[in-house]
Amino acid sequence: AIEAVSAASASMEEERFSDPDEFKIVALHHHLLPVPGTGRERNIVYDAGDLLRVLGNSGCNMVLCGHKHVPHVWRLEEMVIVNAGTACTHRLRGLTRASYNIIELYRDRIRVILKHPFDEPEVVADFERELRRECVWQPHTEPAGDGSER
C-alpha cells in the first residue's frame, strides 16, 4: 500500500516507468481523485497530489482504482484514471447499480466500457491515445559540490 510518496520512492517509481514504449498501468485500491456522487471524501490516497505528479512525470498511461464502488473515468493530461464499480457486492452508493469495466487498449485509442450484468455494454470513455515516445522523467543528479542546488 502506498501511504506516502517520499523523494526516494518517487525516484524509484519514475525510474521503473522510464521506458517510453511500454503502456504503463498502476492499480490501487483507494482512489486518487474524489468520485462524484459519493458524499464527503475520506478515502483518497494520503499523498494523492504527489503520487499524481510522480505518475504523470513517469509516463503512466492508466490508473485503475475503485474503493467507492462507483464507476467513473477521468482524463488527466495523457493519463486515464478509471474508477471501477463492483459486480459482487450489494454495498452500492446512491443509484449506482452493480457493474464492472471492460478496458480496450488499441494502438491509437483507449476505450472504457461499462457493463451492468445482463445489460448491453456502454462505452463511457473513448480517448485518442497519446503515443509518447519520450518520458519526462530525468534521473536525479547529485549536486556538483559547489553549493548550487539541483
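First, a word on scope: everything that follows refers to the structure included in this document.

Parameters at a glance
- Each chain has its residues counted from 1, running along the sequence as written.
- Local features in this predicted model are restricted to residues of pLDDT 70 or higher, and side-chain atom pairs are both shown and tallied only at a pLDDT of 80 or more, whereas totals for entire chains, interfaces and linings draw on every residue.
- Values reported for side chains reflect all heavy atoms of the structure, with hydrogen atoms and water molecules removed beforehand.
- Under the DSSP-based scheme used, a helix requires at least four consecutive residues in state H or I and a strand at least two consecutive residues in state E, with every element numbered from the N terminus.
- Burial here depends on accessible area, computed with a 1.4 Å probe over protein chains only, as a share of the maximum for the residue type. Under 20% is buried, over 50% is exposed, and the range in between is partly exposed.
- Contact criterion: two residues are considered in contact whenever any of their non-hydrogen atoms come within 4.5 Å of each other.
- Strands are labelled as partners when DSSP assigns at least two bridges between them.
- Think of each axis as a best-fit line through the C-alpha atoms, taken over the contacting stretch in the case of a helix, with angles from 0 to 180 degrees between the N-to-C directions.
- Salt bridge criterion: a side-chain nitrogen from Lys or Arg within 4 Å of a carboxyl oxygen from Asp or Glu.
- Working definition of a nonpolar core: buried Ala, Val, Leu, Ile, Met, Phe, Trp, Tyr and Cys residues. They are joined through side-chain atoms within 4.5 Å.
- Under this definition, polar contacts are N or O atom pairs within 3.5 Å; protein pairs additionally need one hydrogen-donor-capable and one acceptor-capable atom, and for neighbouring residues in sequence, both atoms have to be side-chain atoms.

Our focus in this paragraph is the overall build of the chain. In terms of regular secondary structure, the chain is built from two helices and seven strands. Listed N to C, the secondary structure of the chain is α-β-α-β-β-β-β-β-β in terms of helices and strands. Counting all 150 residues of the chain, 36% fall into the buried class. Sequence separation of at least 24 residues holds for 48% of the intrachain contacts in the chain that already meet a minimum separation of 6.

So, about the sheet that holds strand β2 (residues 62–65). Read across the open sheet, the four strands follow the order β1-β2-β4-β3; overall the sheet is mixed. The open sheet is flanked by β1 (25–27) and β3 (72–76), the only strands paired with a single partner. With strand direction ignored, the average angle separating the axes of adjacent strands in the sheet is 15 degrees. One ladder, built from three bridges, connects β1 with β2; its direction is parallel. Bridging across to β2, Val26 finds its partner in Val63. Against the sheet, helix α2 (residues 48–57) makes contact with β1, β2, β3 and β4 (79–83), and its axis sits at roughly 130 degrees relative to β4, the strand it touches most.

With that settled, the discussion passes to the pattern of salt bridges. All told, the structure shown has three salt bridges when counted by the stated rule. Put simply, Arg109 and Asp126 hold a salt bridge, and the shortest N to O gap is 2.8 Å. Here Arg109, found in strand β6 (residues 109–115), pairs with Asp126, found in strand β7 (residues 122–128); they are 17 residues apart in sequence, far enough to count as distant. On the accessibility criterion, Arg109 (26% relative accessible area) is partly exposed.

On to the nonpolar core. Counting residues in each nonpolar core, the largest one holds 17 residues, and the members touching the most others are Leu28, Leu32, Leu55, Val63, Met79 and Ile81. Going through the elements one at a time, α2, β2 and β4 are the ones with two or more residues in this core. The element that contributes the greatest number of residues to this core is α2, accounting for four residues. Ignoring sequence-local partners within four residues, the contact set of Ile81 consists of Leu33, Leu52, Val63, Cys65, His72, Val73, Trp74 and Leu76. Counting eight residues, the second-largest nonpolar core is a separate cluster that includes Val73, Val80, Ala125 and Phe127.

Attention shifts here to the sheet that holds strand β5 (residues 100–105). The strand order across the open sheet built from three strands is β5-β6-β7, with neighbouring strands paired in antiparallel fashion. Looking at strand neighbours, the two that pair on one side only are β5 and β7, the edges of this open sheet. Within this sheet the neighbouring strands show an average axis-to-axis angle of 15 degrees, counted without direction.

What follows is about the side chain of Asn61. With respect to the secondary-structure elements, Asn61 resides in the loop between α2 and β2. Residue Asn61 is classed as buried on the basis of its relative accessible area of 10%. A polar contact is formed between the side chain of Asn61 and the backbone nitrogen of Lys24, at a distance of 2.7 Å. Those residues in contact with Asn61 that lie beyond four places of it in its chain are Glu22, Phe23, Lys24, Glu78, Met79 and Val80.

Distances and angles like these do not, on their own, reveal function.
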